[in-house]
Amino acid sequence: MPHTTTLGSSPASGAAHGDAPAVADVLGVVVSHVWLNDEYRHLVLEAPEPAPLAKAGQFFNLECPHTAEDKPFLRRPMSLYGADPARGRVEFLYKVTGVGTRALASIKVGRTMRLLGPLGVGFSIPDTAKHIVVLGRGVGLATLAPLAEAAAAQGVGVTAILSARSPATVMSAERFAAVGASVRVVLDTDGSSDPANVEAILREVAAAGRADAFYTCGSNRLMLLMQRVGRELSIPGEVALEQQMACGLGMCFCCVRNFSVDGVVEARRVCTEGPVFPLAEAMSW
């Protein structure tokens, strides 16, 4: 049995988001680690509880190995891409961009690695919601895929608007389609990802009565667009924010961002007060 160190209750716990699982530093085993395209890798780990009890929108701090070229000192925060309590597995989808993720990309099947979590506040779905809209780009599509699955499990319909540079960089479309989501892919290559077109899609879905809540991740421009449309149409929403982090537990204050609450700017830690926040309160970055 892999070693587990329990750190106590997650600071994410709250009535609006349900009871979050405890946070623990566990030892996971790599069971799959493959390239999905030229930039993104899919990592699957077997890990003991509470890791596979993670909720959509939560994240983990992953230990990155040292290589001859890269020796990352800090762990790297990774949004949950999938959690399977029955099989004891967690999944991550990440872009290889720097020292930490390059080192992480080197880890082989069968190796062990430590992961701290589940961390942070996950997504919430209104009890009255019949249909939600998710809008994401890049690795944000990974964060939103578990939300779509959670919604479908509750009998809530999903419209998924997936933005990408080109067809080769569209990710998770099959995950959304598998739960019956209506998938709309918008691309830079054909101009369909233009904000005006995305706004037209949002308004079309809302006019059809299929937008009880908005959710977004992965793009500042898309967040501001969805925020504006949601405010105009009185549609509530949430945004999962990406931010550089050190501890992931709220102690280092490395991930503080500003939020607008009733006209007053508040500073919050993305790792503990988030990473999921009310869409109406998020500010541009």
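Model, not experiment: these values are computed from the prediction.

About the thresholds
- Within any chain, residue numbers begin from 1 and follow the written order of that chain's sequence.
- Where totals are concerned, whole chains, interfaces and linings use all residues; where local detail is concerned, this predicted model gives features only for residues with pLDDT of at least 70, and gives and counts side-chain atom pairs only at 80 or more.
- To get the side-chain values, take all heavy atoms of the structure and skip hydrogens and water.
- Think of it this way: any DSSP run of H or I at least four residues long counts as a helix, any run of E at least two long counts as a strand, and we number them from the N terminus.
- Values of the radius of gyration come from C-alpha atoms, whereas the globule rule sets the reference at 2.2 Å times the count of residues to the power 0.38.
- Throughout, exposure labels follow a simple rule: accessible area from a 1.4 Å probe, protein chains only, divided by the maximum for the residue type, with under 20% read as buried, over 50% as exposed, and the rest as partly exposed.
- Surface exposure here means Shrake-Rupley accessible area, sampled with a 1.4 Å probe, where a residue is shielded only by the protein chains that are shown.
- Only four residue types enter the tally: Lys and Arg on the positive side, Asp and Glu on the negative side, with His and both chain ends excluded.
- For the purpose of locating charges, the reference atoms are NZ of Lys, CZ of Arg, CG of Asp and CD of Glu.
- Throughout this description, a polar contact denotes any pair of N or O atoms lying within 3.5 Å of each other; where both atoms belong to protein, one of them has to be capable of donating a hydrogen while the other can accept it, and for residues adjacent in sequence the pair is counted only when both atoms sit in side chains.
- By this rule, a helix spans an expected 1.5 Å times one less than how many residues it contains.
- Each C-beta atom gives one direction from the helix axis, and the arc is the one those directions make.
- The contact criterion used is simple: two residues touch if any of their non-hydrogen atoms lie within 4.5 Å.
- Note: domain ranges come from an automatic or database domain assignment.
- When two parts are brought into contact, each loses some accessible area as probed by a 1.4 Å sphere; the total of that loss over both is the buried area.
- Each salt bridge in this description consists of a side-chain nitrogen of Lys or Arg and a carboxyl oxygen of Asp or Glu lying within 4 Å of one another.
- Aromatic rings from Phe, Tyr and Trp, with only the six-membered ring used for Trp, were paired whenever their centres fell within 6.5 Å, and each pair was classed as stacked if the ring planes differed by under 30 degrees, edge-to-face if by over 60, and tilted otherwise.
- Lysine and arginine charges are scored as sitting over a ring when NZ or CZ, respectively, is within 6 Å of the ring centre and within 35 degrees of the ring normal.
- Count a disulfide wherever a pair of cysteine sulfur atoms falls within 2.5 Å.

With that settled, the discussion passes to the overall build of the protein. Each helix and strand counted, the protein has five helices and 16 strands in total. Expected size for 285 residues packed as a compact globule is a radius of gyration near 19 Å; at 18 Å, the protein falls within 12% of this value. Across its three principal axes, the protein shows a C-alpha extent of roughly 50 × 40 × 35 Å. The 285 residues of the protein split such that 52% are buried. Only carbon and sulfur atoms are counted for the fraction: they give 52% of the accessible area of the protein, which is about 12,400 Å². The average position of the 25 basic charges and that of the 27 acidic charges among the side chains of the protein differ by 4 Å.

Let us look at the side chain of aspartate 25. Following the sequence through the fold, aspartate 25 ends up in strand E2 (residues 23–35). In this structure aspartate 25 comes out as buried when scored by relative accessible area, which is 16%. Here the side chain of aspartate 25 touches arginine 75 through a polar contact of 3.0 Å, side chain to side chain.

It is worth spelling out helix H4 (residues 195–207) at this point. The α-helix advances 3.6 residues per turn, and as a result positions three or four apart in sequence lie on the same side. For H4, with 13 residues, the first-to-last C-alpha span of 18 Å sits near the 18 Å given by 1.5 Å per residue. Listed in full, the buried residues belonging to H4 are Val198, Glu199, Ile201, Leu202 and Val205. Along the axis of H4, the buried positions cluster into a sector of 155°, meaning they face one direction only. Away from its buried face by more than 90 degrees, H4 exposes Ala196 and Ala207. In this fold, the buried residues of H4 make contact with strand E9 (131–137), strand E10 (157–164), strand E11 (182–187), strand E12 (213–217) and helix H5 (220–233).

This next bit is on the domain arrangement of the protein. One frequent convention defines the size of an interface as the accessible area lost when the parts assemble. As far as domains go, the protein holds domain 1 (24–119) and domain 2 (131–241). A C-alpha centroid distance of 25 Å is found between domain 1 and domain 2. Of the residues lining the interface, eleven residues belong to domain 1; the matching set on domain 2 comes to 14 residues. Summed over both partners, the interface of domain 1 with domain 2 comes to about 1,000 Å²; 56% of that surface belongs to carbon and sulfur atoms. Of all residues in domain 1, the largest losses of buried area upon contact with domain 2 belong to Tyr40, Tyr81 and Leu93, amounting jointly to 48% of the total for that side. A salt bridge links arginine 175 to glutamate 91, with the nearest nitrogen and oxygen atoms 4.0 Å apart. On the surface where domain 1 and domain 2 come into contact, there are five residue pairs in polar contact (both at pLDDT 80 or more). The leading source of residues in the side of domain 1 that touches domain 2 is strand E7 (residues 89–95), at three residues.

What the rule picks out here adds up to three aromatic pairs. Geometrically, the ring pair formed by phenylalanine 123 and tyrosine 215 is edge-to-face, given 5.8 Å between the ring centres and 80° between the ring planes. Highlighted residues: phenylalanine 123 in the loop between strand E8 (112–119) and E9 and tyrosine 215 in strand E12, separated in sequence by 92 residues. Pairing phenylalanine 259 with phenylalanine 277 gives two aromatic rings, centres 4.2 Å apart and planes at 35°, and the pair type is tilted. With a gap of 18 residues between them, phenylalanine 259 in strand E14 (residues 256–261) and phenylalanine 277 in strand E16 (residues 276–278) connect regions that are remote in the sequence. The pair formed by phenylalanine 259 and phenylalanine 277 is uniform in burial state, with each residue classed as buried. Above the face of the tyrosine 81 ring, arginine 175 is positioned so that its terminal group lies 4.2 Å from the ring centre. Geometry around phenylalanine 259 places arginine 268 over its ring, the cationic atom sitting 5.3 Å from the centre.

This brings us to the state of the cysteines. According to the stated counting rule, one finds zero disulfides in the structure shown. No disulfide involves cysteine 64; its sulfur sits 15 Å from the nearest other cysteine sulfur, which is in cysteine 254. No disulfide involves cysteine 252; its sulfur sits 3.7 Å from that of cysteine 247, the nearest cysteine.

What follows is about the side chain of serine 163. The topology assignment puts serine 163 in strand E10. Among the polar contacts made by the side chain of serine 163, one reaches the side chain of arginine 137 at a distance of 2.8 Å. Contact partners of serine 163, with chain neighbours within four places excluded, come to Gly136, Arg137, Gly138, Leu141, Val186, Ser193 and Leu222.

Our focus in this paragraph is H5. Spanning 14 residues, H5 covers 20 Å between terminal C-alpha atoms, matching the ideal 20 Å at 1.5 Å per step. Burial in H5 covers these residues: Asn220, Leu222, Met223, Leu225, Met226, Gln227, Val229 and Gly230. Along its buried surface, H5 packs onto E9, E10, H4, E12 and strand E13 (237–240). Backbone nitrogen of arginine 221 and a side-chain oxygen of the N-cap are separated by 3.4 Å at the start of H5; the cap is serine 219. Following H5 by one or two positions, serine 234 has its phi on the positive side, about 60°.

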